[in-house]
Amino acid sequence: MSAASILGKDLTGLEHMTPEQIRLILDTAEPFKEVSERPIKKVPALRGKTIVNLFFEASTRTRISFEFAEKRLSADTVNVSATGSSVSKGETLVDTARNLEAMRIDMVVIRHPSSGAAEFLGRRIASNVINAGDGKHEHPTQALLDLLSIRDKHGKIAGLKVCLVGDVLHSRVARSNLWGLTKLGAEVAVCGPWTLMPRGIEELGVRVFGRVEAAIEWGADVLNVLRLQLERMETGFIPSLREYYRVFGVTPERLERSPKPITIMHPGPMNRGVEIDSRVADGPHSIILDQVTNGVAVRMAVLYLLAGGRAELADAAKRGSE
Amino acid sequence: MSRPTLLQGGRVIDPSRDLDEPADVLIQDGKITAVGRGLTAPDGAIIRNVNGKIVAPGLVDLHVHLREPGNEDEETVASGARAAAAGGFTAICAMPNTDPVTDNQAAVGFIVRQSGRAGLARVHPIGAVSIGQKGERLAEFGEMVSAGAVAVSDDGKPVVSSHLMRTALEYARTFNLPVADHCEDPALAAGGVMHEGLVSTRLGLKGIPSAAEAVMVARDVVLAELTGGHVHLCHMSCRGSVAIIREAKERGIRVTAEVTPHHLTLTDCACEEYDTHAKMNPPLREAADVAALRGALKEGVIDCIASDHAPHAYDEKEAAFDDAPFGVVGLETAFAVAHTELVESGLFTLPELIRRMSTDPARVFHLSGGGGTLAPGAVADVAVFDTTAKWSVDPATFHSKSRNTPFIGRALTGRAILTIVAGTIVHEL
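Participant: For this particular structure, what's the right way to read the overall build of chain A?
Facilitator: Within chain A, the secondary structure is distributed over 13 helices and nine strands. Relative to its length of 322 residues, chain A is compact, with a C-alpha radius of gyration of 19 Å against a globular reference of 20 Å. Expressed as lengths along the three principal axes of its C-alpha atoms, the size of chain A is roughly 55 × 45 × 35 Å. Residues classed as buried in chain A amount to 60% of the 322 residues present.

Encoded structure:
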């Protein structure tokens, strides 16, 4: 059913991918960017393929981005969300998987609150599985679109200093970014309160800073500001949002310490005035909306490659509709 | 009464008497009647030539979960006792976290009766510390002891209230009853599913820090000192706990401790690929912890090996890591895993291992009526091991009703070929 792809059967995370595979996805995304700029935003690359978007967690941006990517490649898609489906009636993940498989689908895009859920599914069904975020583990397509956005802005990734700021402990975006950035040769740092730093993170080849000021003095080229889940305050990781903003918020005043402009990223949705100041988010060095645009192209590339498409044909696939 | 049995020509290892020599063992009327060379078999005796094999006191496991009453699809007293016999165990102690909880004399008596009906390895009940294991009111220790309880524990959960733990230790003194505690600070461990460390960070799983165990170990030691009670620390997993126990023992505090075969041999790396068969509580920790636990067991800082046999239905483990239950089965692999990893590696001698799996656990829970010795006159609970037998773990062959082992496919050396309880053969390979 699913043809062997250069990426393997599934995309569950960046940790076990090679730098070549990551570059291939970014390069394949380039020709797909243009599709979204057309009046008729559709190519036939995945015509006849059936894709299920299986979202066990609320998501707006990621789900819509995947759905656009699928539709612009002419796939047939079905959205399943946890509420109102058999999942909320107590069906187990393995039963959900078997039932989907029995309907002869081609691909599953899964978002799940449990780390490892995408791998779990991938090992049990023949269809391609794409991880759209599993627990605190990985969110590979987010990291890929972040990498593409950094490459667009700086013309390269190797040698850049990139710092992930904020709630690294609970962040799948941080983990995927960390793997992707280090594999492509960037220098990576993480920064935030010690209560939100996972144990052993320094052993993964990253610098750890306790304060945003230190990351700026280090000479960061890019700050990727992570979303602070508001419930972290209730569970005692930080005393208050007010204090978080004052101590760890990415503000123009802090950025002014840098002799060079620092590129600002955020995976969204933003808490303005908590982890990021509005003047920074809306400022000249913010590429936050470029990230969203690139999200569709990167996901088109992932879907296309996993379906067995060859990178050198991506241009041709695109032209096929012209 | 069973026929006399003569075990001929084996290497007899009896740590209770520091005995390790070639000898025959004669069993009559359910008791060991002679250990020596060239014994003659009485008329009608069952004779087993065990030349080249090890004859030892039957193994004793202070910590198993049989799921009866409540979850008989996962294990029963009889199936657990059968699995135990296959693993060379002649006595096992069943934790009270059944459904309903074994927290009164009738429930304790039920386990004793089911054990008698099965007629396999002895199953000694452990009563609950608190009614319903709710951590509020003390259960009736005195009545449970009369019905056959050998210890009390709220295992599966810690005794959270320090006041309750204090009163349990004090009250248990009357009956010379060990209070076995599952050491875990619930606030530090909340939501955790594996050891907190580099692997949990990479997998994005919530960790349980070693400190969650060590702080409770420290509290229990302090309370044992305060009360003069006997605290038994279940399934120790980390080096921090080892240091606290060592210091407590040096000061003469009444503390004993156990460690599982899996904590002696596996690390948190076993959780890679979200393998739910490596999910148990306490979690598998780091290589330095494994080394410290091995050293502590060798020295006697940790008294014994206990399996923490925890059966679960296969489909419960067929889930995302967060959603799978904690626990692994261990009765049928405990000896072989320990023998392969500790004896074959040269760290322990065989008599040292048998001491930690038989004589010492029997001493810790003051087990009477069999266990831990081959002294003439003692109840004949005996295991014969082939320490050269090579086999690989195939859960489909387990006598346990459950299959959740982290050792699937593992090549092991050594297994029980004959298990005798009160003079009756209950397992023979």
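Participant: Got a minute to help me understand the nonpolar core in this structure?
Facilitator: Generally speaking, soluble globular proteins have nonpolar side chains that are buried together. By size, the foremost hydrophobic cluster in this structure holds 72 residues, and its most contacted members are Phe141, Leu233, Met236, Ile302 and Met357 of chain B. Here Phe141 of chain B is in contact with Ala128, Val129, Val152, Ala168, Tyr171, Ala172, Phe175 and Leu177 of chain B, once residues within four sequence places are set aside. In terms of nonpolar packing, the next biggest core, distinct from the first, is built from 62 residues, Leu26, Ala69, Leu144 and Ile287 of chain A among them.

Participant: I tried to follow the pattern of salt bridges on my own but got confused; where do I start?
Facilitator: Any two side chains of opposite charge can pair, on the condition that their charged atoms come close. Residue and element names in this part refer to chain A. One pass over the full model with this rule turns up 43 salt bridges over all chains. In this structure, Arg254 and Glu213 form a salt bridge, with 2.7 Å as the shortest nitrogen-oxygen distance. Here Arg254, found in helix α10 (residues 252–255), pairs with Glu213, found in helix α7 (residues 212–218); they are 41 residues apart in sequence, far enough to count as distant. Like Glu213, Arg254 is buried. Taken together, the salt bridges that share partners define one network made up of Asp27, Glu30, Lys33, Arg151 and Asp152.

Participant: Would you take a moment to explain the sheet that holds strand β9 (residues 263–265) of chain A for this structure?
Facilitator: Backbone-to-backbone hydrogen bonds join strands into a sheet, with any given pair of strands oriented parallel or antiparallel. Residues and elements named next belong to chain A. Spatially, β7-β6-β5-β8-β9 is the arrangement adopted by the five strands of the open sheet, whose pairing is parallel. Strands at the two margins of the open sheet, each flanked by one partner only, are β7 (207–209) and β9. Averaged over all neighbouring strand pairs, the angle between strand axes comes to 20°, with direction disregarded. Strand direction decides the pairing type here: strand β5 (residues 161–165) and strand β8 (residues 222–225), joined by four bridges, are parallel.

Participant: Help me understand the packing of aromatic side chains, please; the structure alone is not making it clear to me.
Facilitator: Aromatic rings considered in pairs are described by the distance between their centres and by the relative angle of their planes. One pass over the structure, following the stated rule, counts six aromatic pairs over all chains. Ring geometry for Tyr244 of chain A against Phe248 of chain A: centres 5.5 Å apart, planes inclined by 35°, an arrangement best described as tilted. Here Phe248 of chain A and Tyr244 of chain A lie together in helix α9 (residues 241–248), a separation of four residues that amounts to about one turn. Pair check on accessibility: Tyr244 of chain A and Phe248 of chain A agree, each one buried. Both rings, one in Phe335 of chain B and one in Phe385 of chain B, keep their centres 4.0 Å apart while their planes meet at 20°; by these two values the pair is stacked. Within this pair, whereas Phe335 of chain B is found in helix α12 (residues 334–343), its partner Phe385 of chain B is found in strand β16 (residues 382–392), the two being separated by 50 residues in sequence. The exposure classification of Phe335 of chain B matches that of Phe385 of chain B, with both residues buried. Through a chain of ring-to-ring contacts, the aromatic side chains of Phe141, Tyr171 and Phe175 of chain B assemble into a single cluster. Across the ring face of Phe68 of chain A, the terminal group of Arg72 of chain A is positioned such that the distance to the ring centre comes to 4.6 Å. Sitting above the plane of the Trp391 of chain B ring, Arg415 of chain B keeps its charged end 4.1 Å from the centroid.

Participant: Honestly, the sheet that holds strand β6 (residues 59–64) of chain B in this entry has me stumped. Any pointers?
Facilitator: Residue and element names in this part refer to chain B. Across the sheet, eight strands lie side by side as β6-β7-β8-β9-β10-β13-β14-β15; this open sheet has parallel pairing. Two strands in the sheet have a free side with no partner beyond their single neighbour: β6 and β15 (304–305). As paired elements, strand β10 (residues 179–181) and strand β13 (residues 231–233) share three bridges and run parallel to each other. Along β13, the bridge assignment pairs Val179 with Val231. Here helix α13 (residues 350–364) sits on the sheet and contacts β6, β7 (89–94), β13, β14 (255–259) and β15; the angle it forms with β6, its principal contact strand, is near 65°.

Participant: Can you walk me through the packing of helix α1 (residues 19–33) of chain A against helix α12 (residues 288–306) of chain A in this structure?
Facilitator: For any two helices packed against each other, one specifies the inter-axial angle together with the distance between the axes. Residue and element names in this part refer to chain A. At their nearest, the axes of α1 and α12 sit 8 Å apart, and the two run at 115° to each other. α12 is crossed by α1, and the crossing has right-handed handedness. Taken together, the residues of α12 that come into contact with α1 (itself represented by Leu24, Ile25, Thr28, Ala29, Phe32 and Lys33) are Asn294, Ala297, Val298, Met300, Ala301, Val302, Tyr304 and Leu305. Looking at the contact of α1 with α12 residue by residue, the classes come out as eleven nonpolar, two polar and one charged.

Participant: How do you make sense of the environment of Ile305 of chain B when you look at a structure like this?
Facilitator: Residues and elements named next belong to chain B. Of note, Ile305 is situated in strand β15. Here the alpha-carbon distance between Ile305 and Pro261, two residues 44 residues apart in the chain, equals 6.8 Å. With sequence-adjacent residues up to four places away left out, Ile305 is seen in contact with Val60, Val259, Pro261, Leu264, Leu297, Ala338, Leu342, Leu353, Arg356 and Met357.

Participant: Hey, could you run me through the environment of Arg211 of chain A in this one?
Facilitator: With respect to the helices, strands and loops of the structure, Arg211 of chain A is situated in the loop between β7 and α7. Once residues within four sequence positions are removed from consideration, Arg211 of chain A is found in contact with Cys191 and Val247 of chain A.

Participant: Explain the interface of chain A and chain B here, please?
Facilitator: Interfaces are frequently sized by the accessible area removed from exposure as the parts join. Taken together, the 23 residues of chain A in the interface contact 17 residues of chain B. Together, the buried faces of chain A and chain B total about 1,600 Å²; carbon and sulfur atoms form 49% of this surface. Counting the surface chain A buries against chain B, the share from its top three residues, Ser115, Lys136 and Arg199 of chain A, is 31%. Seen at the junction of chain A and chain B, the total is eight residue pairs in polar contact (both at pLDDT 80 or more). Those elements giving two or more residues to the side of chain A that touches chain B turn out to be α3 (93–102), α4 (117–124) and α6 (172–183) of chain A. Looking at the side of chain A that touches chain B, its residues break down into eight nonpolar, five polar and ten charged.

Participant: When you look at unusual backbone geometry in this model, what are you seeing that I'm missing?
Facilitator: Most peptide bonds take the trans form, and the phi angle of most residues other than glycine is negative. Backbone torsion omega between Gly268 of chain A and Pro269 of chain A reads -10°, so that peptide bond is classified as cis. Residue placement: Pro269 of chain A occurs in the loop between β9 and α11 (278–281). The linkage connecting Glu68 of chain B with the following residue, Pro69 of chain B, adopts the cis geometry, with an omega of 0°. With respect to the helices and strands, the residue Pro69 of chain B is situated in the loop between β6 and α1 (77–86). Positive phi values are uncommon outside glycine, yet Gln133 of chain B reaches one of about 50°. Following the sequence through the fold, Gln133 of chain B ends up in the loop between β8 (122–127) and α3 (141–147).

Participant: What am I meant to see in the packing of helix α7 (residues 210–227) of chain B against helix α8 (residues 239–250) of chain B here?
Facilitator: All names here are of chain B. Relative orientation of the contacting elements α7 and α8 amounts to 15°, with a least axis distance of 8 Å. Considered as vectors, α7 and α8 are oriented roughly parallel to each other. Every pair of crossing elements has a handedness; the one defined by α7 and α8 is right-handed. Together, Glu213, Ala214, Val217, Ala218 and Val221 of α7 and Gly240, Ser241, Ile244, Ile245 and Ala248 of α8 make up the contact between the two elements. Classifying every residue of the contact of α7 with α8 gives seven nonpolar, two polar and one charged.

Participant: Got a minute to help me understand helix α4 (residues 162–173) of chain B in this structure?
Facilitator: For an α-helix, 3.6 residues make a turn, and residues three or four places apart therefore share a direction. Residues and elements named next belong to chain B. Along its twelve residues, α4 runs 17 Å from first to last C-alpha, staying within 8% of the 16 Å computed at 1.5 Å per residue. Those residues of α4 lying buried are Leu164, Met165, Ala168, Leu169 and Ala172. One side of α4 holds all its buried residues, which, seen down the axis, span an arc of 135°. Exposed side of α4, more than 90 degrees from the buried face: His163 and Arg173 are the residues found there. Turning to α4, the residues buried within the fold contact α3, β10, α7 and β13. For α4, the capping residue at the N-terminal end is Ser161, with a side-chain oxygen 3.2 Å from the backbone nitrogen of His163.

Participant: Whenever I open this one, the pairing of β16 of chain B confuses me. Can you help?
Facilitator: Looking along a regular strand, one sees side chains alternate from face to face of the sheet. All names here are of chain B. Counting buried residues in β16 gives eight out of eleven residues, a clear majority hidden from the surface. The pairing of strand β5 (residues 54–57) with β16 spans four bridges and is classified as antiparallel. Bridge pairing in β16 places Ala56 opposite Ala383. By the bridge criterion, eight bridges tie β16 to strand β17 (residues 411–421) in an arrangement that is antiparallel. Bridge assignment links Lys390 to a residue of β17, and that residue is Thr413.

Cut-offs applied
As a convention, each chain's residues are numbered from 1 in the sequence order in which they are written. Going through the entries in the order they are written, you letter the chains from A and number the ligands from 1. With pLDDT at 70 or above as the cut-off, local features in this predicted model cover only qualifying residues; side-chain atom pairs require 80 or more to be listed or tallied, and sums for whole chains, interfaces and linings still use all residues. Side-chain numbers come from the whole structure's heavy atoms, not from hydrogens or water. Put simply, DSSP H or I for four residues or longer makes a helix, DSSP E for two residues or longer makes a strand, and each gets a number counted from the N terminus. Our radius of gyration looks at C-alpha atoms and nothing else; its globule reference is 2.2 Å times the residue count to the power 0.38. The classification of residues rests on relative accessible area computed with a 1.4 Å probe and restricted to protein chains. Under 20% of the type maximum is buried, over 50% is exposed, and intermediate values are partly exposed. Here, nonpolar core means buried Ala, Val, Leu, Ile, Met, Phe, Trp, Tyr and Cys residues that are tied together by side-chain atoms lying within 4.5 Å of each other. Contact criterion: two residues are considered in contact whenever any of their non-hydrogen atoms come within 4.5 Å of each other. We count a salt bridge whenever a side-chain nitrogen from Lys or Arg sits within 4 Å of a carboxyl oxygen from Asp or Glu. Each pair of strands is called paired provided DSSP finds at least two bridges between the two strands. Between N-to-C directions, angles cover 0 to 180 degrees, with each direction set by a line fitted to C-alpha atoms, over the stretch in contact for helices. Any Phe, Tyr or Trp ring, taking Trp's six-membered ring, that has another such ring centre within 6.5 Å forms a pair; planes under 30 degrees apart are called stacked, those over 60 apart edge-to-face, and the others tilted. Only Lys NZ and Arg CZ are tested; either one counts as a charge over a ring when it is within 6 Å of the ring centre and within 35 degrees of the ring normal. Each crossing is labelled by how the near helix is turned from the far one, with a counterclockwise turn of less than a right angle marking it left-handed and a clockwise turn marking it right-handed. Following the grouping adopted for this structure description, the nonpolar residues are Ala, Val, Leu, Ile, Met, Phe, Trp, Tyr, Cys and Pro, the charged ones are Asp, Glu, Lys and Arg, and the polar ones are all others, Gly among them. By definition, the buried area sums, over both parts, the 1.4 Å-probe accessible area that each loses when the two are put together. Distance and chemistry together define a polar contact, namely a pair of N or O atoms within 3.5 Å, with one atom able to donate a hydrogen and the other to accept it when in protein, and with adjacent residues in sequence counting only for side-chain atoms on both sides. Roughly parallel refers to an angle under 35 degrees, roughly antiparallel to one over 145, roughly perpendicular to one between 65 and 115, and oblique to any angle outside these ranges. Residue count minus one, scaled by 1.5 Å, sets the expected span of a helix. Arc definition: it is the arc formed by the directions from the helix axis to the C-beta atoms.

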